Amino acid sequence: NFIIKNAKIETDKGLSFHYLGNAYLISGKLELAQKMFETENKIFSNSKDQSDEIKNYLAASFASLGIVASQQSNYAKALDFHFKAKAIFEETKNIEKQTAIENNIAIEYQSLNKFDKANVHFLKASKLNTKNYISNTLLFTNMGKNYLKKNDFQNTYVYLNLAKKQQTTTENLYTIAEL
């Protein structure tokens with residue numbers, strides 16, 4: 001019982017740092033966000049509880065560190081963090097998070113002008129996204145933009161039209177404006 005109670009406290013502590021990190025990230029305080037996510041990462045890395053739940057929290061901390069690195073234009077570092085998250089999400093068979101991390105990896109490659117590698121990961125995300133874990137509108141828009149950057153106008157047209165067809169509400173007006 002004592003171990004369970006301490007594990008719960010440890011999890012709550014780690015999640016508190018995660019939520020603080022998100023707040024700092026949203027407010028643009030990247031250094032503070034990074035410190036929060038690093039602390040979260042240490043807590044979950046050192047956890048005696050190695051359940052899938054804890055592993056997924058650890059993976060989320062890597063993904064968050066990747067987002068911070070990306071916001072700092074350190075795309076190679078962001079990729080490193082995202083690949084660490086991906087490995088854990090694959091181990092725990094968390095398809096929803098695998099989908100999102102594949103999309104993030106693709107965006108990092110896109111930022112590095114490695115459009116072919118980006119396409120590989122956008123396609124992986126698309127194949128994993130059978131239950132619409134992330135917006136297909138967003139995913140297809142990202143794919144279309146990637147093809148556009150490659151001057152592949154035929155595939156740009158295909159994916160941006162797929163994105164437009166997926167748009168059933170006005171929840172993502174940004175995407176409609178881009179199309």
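Residues numbered from 1 in each chain as written. Predicted model: local features only at pLDDT ≥ 70, side-chain atom pairs only at ≥ 80, totals over all residues. Heavy atoms only, no water.

## As for the overall build of the protein
In step 1: Counting its regular elements, the protein contains nine helices and zero strands.
In step 2: Its helices and strands in sequence order give the protein the pattern α-α-α-α-α-α-α-α-α, from N to C terminus.
In step 3: Across the 179 residues of the protein, 42% fall into the buried class.
In step 4: Relative to all contacts within the protein whose residues are 6 or more apart in sequence, the contacts with residues 24 or more apart total 51%.
In step 5: A total of about 10300 Å² of accessible surface is found on the protein, and carbon and sulfur atoms cover 54% of it. (Helix = DSSP H or I, 4+ residues; strand = E, 2+ residues; numbered from the N terminus. Buried < 20%, exposed > 50% of the residue type's maximum accessible area, 1.4 Å probe, protein only. Contact = heavy atoms within 4.5 Å. Areas by Shrake-Rupley, 256 points an atom, 1.4 Å probe, with all protein chains shown as cover.)

## Re the pattern of salt bridges
In step 1: Under the counting rule described, the total for this entry stands at five salt bridges.
In step 2: Of the charged contacts, one joins Lys 55 and Glu 91 as a salt bridge, the two residues approaching to 2.6 Å between their closest N and O atoms. With a gap of 36 residues between them, Lys 55 in helix H3 (residues 52–71) and Glu 91 in helix H4 (residues 75–91) connect regions that are remote in the sequence.
In step 3: For Lys 55, a relative accessible area of 19% corresponds to the buried category.
In step 4: Judged by relative accessible area, Glu 91 falls into the partly exposed class, the value being 46%. (Salt bridge = Lys/Arg side-chain N within 4 Å of Asp/Glu carboxyl O.)

## Looking at unusual backbone geometry
In step 1: The phi dihedral of Lys 93 falls on the positive side, at around 60°, and the residue is not glycine.
In step 2: Looking at the secondary structure, you find Lys 93 in the loop between H4 and helix H5 (95–111).
In step 3: Since its relative accessible area comes to 65%, Lys 93 is described here as exposed.

## What to know about the side chain of Asn 142
In step 1: Tracing the backbone shows Asn 142 in helix H7 (residues 136–149).
In step 2: Side chain to side chain, Asn 142 and Asn 103 meet in a polar contact 3.2 Å long.
In step 3: Apart from the residues lying within four places of it in its own chain, the contact partners of Asn 142 are Asn 103, Ile 107, Gln 110 and Phe 122. (Polar contact = N/O pair within 3.5 Å; in protein donor to acceptor, adjacent residues only side chain to side chain.)

## Digging into the confidence of the model for the protein
In step 1: Looking at the protein as a whole, its pLDDT mean stands at 89, while 89% of the residues score no less than 70.
In step 2: Looking at the elements of the protein, mean pLDDT is at its lowest for helix H9 (residues 173–178), recorded as 55, and at its highest for H4, recorded as 98. (pLDDT = per-residue confidence, 0-100.)

## Some words on the packing of aromatic side chains
In step 1: Evaluated as defined, the whole model comprises five aromatic pairs.
In step 2: Between the aromatic rings of Phe 83 and Tyr 109, the centroid separation amounts to 6.5 Å while the plane-to-plane angle is 65°, which identifies the pairing as edge-to-face. With Phe 83 in helix H4 and Tyr 109 in helix H5, the pair connects residues that are 26 residues apart, well separated along the chain.
In step 3: Residue Tyr 109 is classed as buried on the basis of its relative accessible area, which comes to 10%.
In step 4: Centre to centre, the rings of Phe 140 and Tyr 159 are 6.1 Å apart; their planes meet at 40°, and the pair counts as tilted. Here Phe 140, found in helix H7, pairs with Tyr 159, found in helix H8 (residues 153–166); they are 19 residues apart in sequence, far enough to count as distant. When sorted by exposure, Phe 140 lands in the same class as Tyr 159, which is buried. (Phe/Tyr/Trp six-rings, centres within 6.5 Å; stacked < 30°, edge-to-face > 60°.)

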